[in-house]
Amino acid sequence: NKQRNVRNFSIIAHIDHGKSTLADRILEKTKALTEREMKEQFLDAMDLERERGITIKLNAVQLQYEANDGEDYLFHLIDTPGHVDFTYEVSRSLAACEGALLVVDAAQGIEAQTLANVYLALDNDLEIIPVINKIDLPSADVERVKQEIEDVIGIPADDAILASAKSGIGIDEILERIVSDIPAPAGDPEEPTKALIFDSLYDSYRGVIAYTCIKEGSIKIGDKIKMMQTGKEFEVSELGVFTPEPVKKEELTVGDVGFLTASIKNVGDSRVGDTITLAKNPAAEPLPGYKRLNPMVYCGLFPVDADNYNDLREALERLELNDSSLQYEAETSQALGFGFRCGFLGLLHMEIIQERIEREFNIDLITTAPSVIYEVEMNDGEVLNIENPSLMPETKNIKEVREPFVKATVMVPNDFVGPVMEICQKKRGAFVDMEYLDENRVNITYDIPLSEIVYDFFDQLKSQTKGYASFDYELSGYQPSNLVKMDILLNGETVDALSFIVHRDFAYHRGKHIAEKLKKIIPRQQFEVPVQASIGNKVVARTTIKAMRKNVLSKCYGGDISRKRKLLEKQKEGKKRMKMVGKVEIPQEAFMSVLEMS
Ligand code: GTP
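Going by the annotation in an unreviewed UniProt entry, the name recorded for the protein is Elongation factor 4, with Filobacillus milosensis given as the source organism. According to UniProt, the comment filed for the protein under the heading Catalytic activity (unreviewed entry) is "GTP + H2O = GDP + phosphate + H(+)". In its Subcellular location (unreviewed entry) section, the UniProt entry covering the protein states "Cell membrane".

Written out as structure tokens, the structure is:
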């Protein structure tokens, strides 16, 4: 294949604007798939992704296209994940490309995520081809969206492609424009090898499968390769491309996008963003932009059944092989027993891992409320990083507590500016900027504590704006805050897994709210259970769960055995997610109750 006939590109879009549907059309048109192989949305490989309708892992497909100029072209379509938690992966997959199709919904217009991804594409110097999708919708407003693309993104939209991925309109034009607008990869096959790892996953037979794009030089089977960030060396055992089925190759050279295996035992040794070079003729410098990913939110994961502790450890070990941004360490809670403190890139990442543990490994979990990392400066000058609220030192020993802030960007129709600002204010946000995108849309920027984003920010935003707001954030740094630890006592005993950190101004209100909430969630026991919220030794809120009146079985009048059994079975089912803490039975929901504001 001639390098000048190679085109490497991505599709960037806000969630639901039609990225996967368009990818399917492109695959169809380039005959990459036979009818039988054509699954509905090929690029979203994992079950979980399909169910959630979001793309998590990246993929790359090689396509053959005969253009109108009569020449054969080789396309590599590189898929990108579409959620804020995975921004870094988006940015690495874009770094593997020379161009991007920017898909904008003709009815919705530009959304926060579209904008975030376009900036990433511009950072990577990509050629951007705007595609206005869903023009078949009656509510499509092509002129408005064109104007928006020009005003907000600042790229010409005159020649934007009008498309409907659903009805197959505009697909031929897209393929031709990929050929005419996107440059071929520029590298030199004779230079020392530089290959970007833009994704990697673990396969139990072959070890790590690294998805790579060759930027300079080439790699052959049997070559000794070196990972430039970690310094580790491996011998290449397999090379290939996805068409979309994997097809093995003897060599990958400049412009190729495919996979590599080399008996690598852990994805941590094949990090997204790292540069592969050859051990015997290494490149002088790695490709730019490598970043080590650090978790942003933490939570405790505990098996409902203590006997599953080792299974949980194994599940985490297995998941870690596939996900180098997952972190965990053993944790012991007085209330919940043995478990793990886990770190995640964001809330979605956290939910996905929890779900996979429950679904793929069949372990019922109790998860504690997510927490951010607090910086605690002690009176003696020592600085601690606290990601577990129950480990917060005593107030009298603390000089200052600092918490992470994010720059949050919310994009909404005019009518909702009021409600959005109200939510941001309530979440301790500091107003930064407000920018009108056109006569009816606004981009609002606030500086907000990350912990407040973790607490149901997105849900409130969605409900207060009827789902019209879109939202994006990036970490902006640490700022001092007047924070205190709040403990929850049940039956007079502190339940460590329920402790949380709260701003002093909100402490009273939140303590009261949580005590009320727990009263509703925790079932009545044989005895009365006082619920208290306290700061230090000072109780700020108190309620009581009344004692249970009747035995469940008394309703059955002793007679019908099968009915009795059913009732007991039902109770057992309900118990699955209950945890005995001291003498009190607590359901899973209780541990999440601190997340709800009001
Ligand atoms: P994520 O995978 O969540 O990022 O979404 P996506 O951007 O891949 O969107 P997807 O292709 O899953 O499309 C979202 C919805 O829009 C689906 O219900 C599609 O059927 C629909 N859709 C996609 N393209 C068109 C189109 O051209 N016209 C219409 N009317 N609907 C479309």
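(A) Seen up close, the packing of helix 9 (residues 417-426) against helix 11 (residues 457-464). At a minimum axis distance of 10 Å, the contact between helix 9 and helix 11 shows a crossing angle of 160°. The pairing of helix 9 with helix 11 is recorded here as roughly antiparallel in orientation. Viewed along their axes, helix 9 and helix 11 form a crossing whose handedness is right-handed. On the side of helix 9, the interface is formed by Pro 419, Val 420, Ile 423, Cys 424 and Lys 426, while helix 11 contributes Phe 457, Gln 460, Leu 461 and Gln 464. Here the contact of helix 9 with helix 11 is composed, by residue class, of six nonpolar, two polar and one charged.

(B) Structural view of the nonpolar core. Ranked by size, the top nonpolar core spans 49 residues in total, and within it Ile 357 and Ile 453 carry the most contacts. Among the elements that make up this core, the one with the highest residue count is strand 23 (residues 398-413) (six residues). Filtering out sequence-adjacent residues up to four positions away, Ile 453 remains in contact with Leu 347, Val 406, Ala 408, Ile 448, Phe 471 and Tyr 473. Listed in part, the 40 residues of the second largest apolar core include Ala 60, Ile 78, Val 145 and Cys 213.

(C) Examining the sheet that holds strand 8 (residues 207-216) more closely. Read from one edge to the other, the open sheet built from eight strands follows the order 11-10-16-7-8-15-12-13, with strand pairing classed as antiparallel. Of all strands in the sheet, those bounded by a partner on one side alone are strand 11 (233-235) and strand 13 (246-249). Across the sheet, the mean angle separating the axes of adjacent strands is 40° when strand polarity is ignored. The pairing of strand 12 (residues 238-242) with strand 15 (residues 257-261) spans three bridges and is classified as antiparallel. Opposite Leu 239, over in strand 15, you have Leu 260 as the bridge partner.

(D) The arrangement of the sheet that holds strand 3 (residues 72-78) in detail. In space, the six strands of this open sheet follow the order 2-3-1-4-5-6, with mixed pairing throughout. In this open sheet, the two strands that pair with only one neighbour each are strand 2 (60-66) and strand 6 (161-162). As paired elements, strand 4 (residues 99-105) and strand 5 (residues 127-133) share seven bridges and run parallel to each other. Of the residues in strand 5, the one forming a bridge with Val 103 is Val 131.

(E) Representation of the pairing of strand 23 within the structure. The buried fraction of strand 23 is high, at 13 of 16 residues. As defined by bridge partners, strand 21 (residues 374-378) adjoins strand 23 across four bridges and the pair is classed as antiparallel. Within strand 23, the residue paired with Glu 377 across the bridge is Glu 400. With 11 bridges joining them, strand 23 and strand 26 (residues 470-481) adopt antiparallel strand pairing. The residue bridging Pro 404 from the neighbouring strand is Tyr 478, located in strand 26. Both strand 23 and strand 25 (residues 441-449) contribute to a ladder of nine bridges, which runs antiparallel. Paired with Val 412 across the strands is Val 442, a residue of strand 25.

(F) The arrangement of the UniProt feature "binding site: GTP" (unreviewed entry) in the protein in detail. Those residues carrying the UniProt feature "binding site: GTP" (unreviewed entry) are Asp 16, His 17, Gly 18, Lys 19, Ser 20, Thr 21, Asn 133, Lys 134, Ile 135 and Asp 136 in this numbering. When you line up the elements, Ser 20 lands in helix 1 (residues 19-29). The class for Ser 20 is buried, based on a relative accessible area of 17%. Looking at the secondary structure, you find Asp 136 in the loop between strand 5 and helix 5 (142-153). Residue classification places Asp 136 among the partly exposed residues on the basis of a relative accessible area of 37%. Not counting residues within four places of it along the chain, the set of residues in contact with Asp 136 comprises Ser 164 and Ser 167.

About the thresholds
Residues numbered from 1 in each chain as written. Predicted model: local features only at pLDDT ≥ 70, side-chain atom pairs only at ≥ 80, totals over all residues. Heavy atoms only, no water. UniProt positions renumbered as here; feature names shortened; annotations may be inferred. Axes fitted to C-alpha atoms, helices over the stretch in contact; angles between N-to-C directions. Helix = DSSP H or I, 4+ residues; strand = E, 2+ residues; numbered from the N terminus. Parallel < 35°, antiparallel > 145°, perpendicular 65-115°, else oblique. Left-handed = near helix turned anticlockwise from the far one by under 90°. Contact = heavy atoms within 4.5 Å. Nonpolar A, V, L, I, M, F, W, Y, C, P; charged D, E, K, R; others polar. Core = buried A, V, L, I, M, F, W, Y, C linked by side-chain atoms within 4.5 Å. Buried < 20%, exposed > 50% of the residue type's maximum accessible area, 1.4 Å probe, protein only. Pairing = 2+ DSSP bridges.

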